[in-house]
Amino acid sequence: MHENFSLKPYNTFGVEAKAKYFVEVHSIEELKQTLKLSNSHALPLLFLGGGSNILFTKDFDGLAIKLNLKGISEKSLNDNEVLVTAKAGENWHEFVLFCLNKNLGGLENLSLIPGNVGTSPMQNIGAYGTEIKDIFVDCKVLNLETLEVETFDIEKCRFGYRDSIFKQEGKGKYVILEVTFKLTKDNHNIKTEYGAIKSELENLGIENPTIQDVSKAVINIRQSKLPDPKVTGNAGSFFKNPTIPLAQFEELKQKFENIQGYPNGEFVKVPAGWLIEQCGWKGKQIGNVASHQLQSLVIINATGNATGQEIFDFSTEIINSVKEKFGIELEREVNII
């Protein structure tokens, strides 16, 4: 166990923050022992995965636990379906590539999303027409109160848009140990209708795409408009796309005829990036922080010297300006510490 430990390498924003205590665990038994020790000292806990969805605005006065549980296993269900289980510490994109190399379909649209497998159900991560809930079977979790391993199926996880029980009443009560997905072996459900996938496949000269082709298209799209956190500190999409009542959307359309929206029953999902861009934030920099020049939904540590508080304050200014212009309050997707 380390004391006064720098968390700068453990968050993709690359901001400096220290944990009072830090430990890395490689097994469930190590995790249980660590938790027993922390409970005896009544230490606040912070679990670290890939650090891609967290913003430190201050030091953490407790025990930060880096989950380094590794391993992938498979179990065939039938001629066309297989269960694939990955431990929480597996890198998400490397896991996707592992499945693609075995021609297992279902995860291809989720290529190049930063972070680890263990945090994927928390956010119900999604991209280009696919969400975790579409291929999720269950996850094993450790109950932090009883230190017993429990299984959460899809119903118990209560997935919503970038949401789950682990961000609501289950927050701080469980830690995800492994996740199981149901993937296809051969008869794949190819999804190319969302976003720019179709046009990118056309650019690649592909008419009948495989799951590998879809993954390549998604990777190309993401790399063309999203900054690499290894080069420029960021946490990907900083805000959720807001969902507003259809009536409110129709009112806004009268005033802003080019407003974008994706109807879903009595509600409409409005792209947060479009709202932010209309408020003049695309590429705008204040001090060490900026909105990315190609994707305004992404806030970047532009100089590499930004503090977490600077980034938080920058995001607050964006929220205020969007609220003032459109009457829509953006919600941060990134977890604030």
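Structure shown above.
Please read all numbers here as calculations on a predicted model, not as lab measurements.

1. Concerning the pairing of strand E6 (residues 72–76)
Pairing of E6 with strand E7 (residues 81–87), which is carried by 5 bridges, proceeds in the antiparallel orientation. Residue pairing in the sheet places Ile-72 in a bridge with Ala-86 of E7. Two successive antiparallel strands, E6 and E7, enclose a turn made up of 4 residues.

2. Comments concerning the pattern of salt bridges
Using the criterion set out here, one finds 11 salt bridges in the structure. Across the salt bridge formed by Asp-61 and Lys-20, the nearest N and O atoms sit 3.8 Å from each other. With Asp-61 in strand E5 (residues 60–67) and Lys-20 in strand E2 (residues 18–25), this pair connects stretches of sequence that are 41 residues apart. Here Asp-61 falls in the exposed class, since its relative accessible area comes to 55%. Under the relative-accessibility criterion, Lys-20 is labelled partly exposed at 40%. Close ionic contact of Lys-87 with Glu-178 constitutes a salt bridge, the shortest N to O distance being 2.9 Å. Taken together, the residues Lys-87 in strand E7 and Glu-178 in strand E12 (residues 174–184) connect sequence positions 91 residues apart. Salt bridges linked by common partners bring Glu-131, Lys-133, Asp-134, Arg-162 and Lys-191 together as one network.

3. Some words on the nonpolar core
Membership of the largest hydrophobic core comes to 43 residues, with the highest contact counts inside it found for Leu-48, Phe-239, Ile-311, Ile-318 and Leu-330. Elements represented by at least two residues in this core include exactly E2, strand E3 (45–48), strand E4 (54–55), E5, helix H7 (246–255), helix H8 (272–278) and helix H9 (308–326). Per-element tally for this core: the top contributor is H9, with 6 residues. Apart from the residues lying within four places of it in its own chain, the contact partners of Phe-239 are Ala-272, Ile-276, Leu-297, Ile-299, Ser-315, Ile-318, Ile-319, Leu-330, Glu-331, Arg-332 and Glu-333. By size, the runner-up hydrophobic cluster in this structure holds 37 residues, among which are Val-82, Ala-86, Leu-183 and Ala-217.

4. Observations regarding the sheet that holds strand E18 (residues 289–291)
Strand order in the open sheet formed by 4 strands is E13-E19-E18-E17, with antiparallel pairing between adjacent strands. One side of each edge strand has no neighbouring strand; the edge strands of this open sheet are strand E13 (233–237) and strand E17 (285–286). Pairing analysis gives 2 bridges linking E17 to E18, with the strands arranged antiparallel. Across the sheet, the residue bridging to Gln-285 is Ala-290, located in E18. H9 contacts E17, E18 and strand E19 (298–301) of the sheet and is inclined by roughly 35 degrees relative to E18.

5. Some words on the packing of aromatic side chains
Evaluated as defined, the whole model comprises 15 aromatic pairs. With centroids separated by 5.4 Å and ring planes inclined at 35 degrees, the aromatic side chains of Phe-152 and Phe-166 adopt a geometry described as tilted. Within this pair, whereas Phe-152 is found in strand E11 (residues 149–153), its partner Phe-166 is found in the loop between helix H4 (154–157) and E12, the two being separated by 14 residues in sequence. Plain terms: the ring middles of Phe-256 and Phe-326 are 4.6 Å apart, the flat faces sit at 50 degrees to each other, and that makes the pair tilted. With Phe-256 in the loop between H7 and strand E15 (262–264) and Phe-326 in helix H9, this pair connects stretches of sequence that are 70 residues apart. In this structure, Phe-256 and Phe-326 share a single accessibility class: buried. An aromatic cluster of at least three residues, connected via ring pairs, comprises Phe-5, Tyr-10 and Phe-22.

Reading guide: rules and limits
- Residues numbered from 1 in each chain as written.
- Predicted model: local features only at pLDDT ≥ 70, side-chain atom pairs only at ≥ 80, totals over all residues.
- Heavy atoms only, no water.
- Pairing = 2+ DSSP bridges.
- Helix = DSSP H or I, 4+ residues; strand = E, 2+ residues; numbered from the N terminus.
- Salt bridge = Lys/Arg side-chain N within 4 Å of Asp/Glu carboxyl O.
- Buried < 20%, exposed > 50% of the residue type's maximum accessible area, 1.4 Å probe, protein only.
- Core = buried A, V, L, I, M, F, W, Y, C linked by side-chain atoms within 4.5 Å.
- Contact = heavy atoms within 4.5 Å.
- Axes fitted to C-alpha atoms, helices over the stretch in contact; angles between N-to-C directions.
- Phe/Tyr/Trp six-rings, centres within 6.5 Å; stacked < 30°, edge-to-face > 60°.

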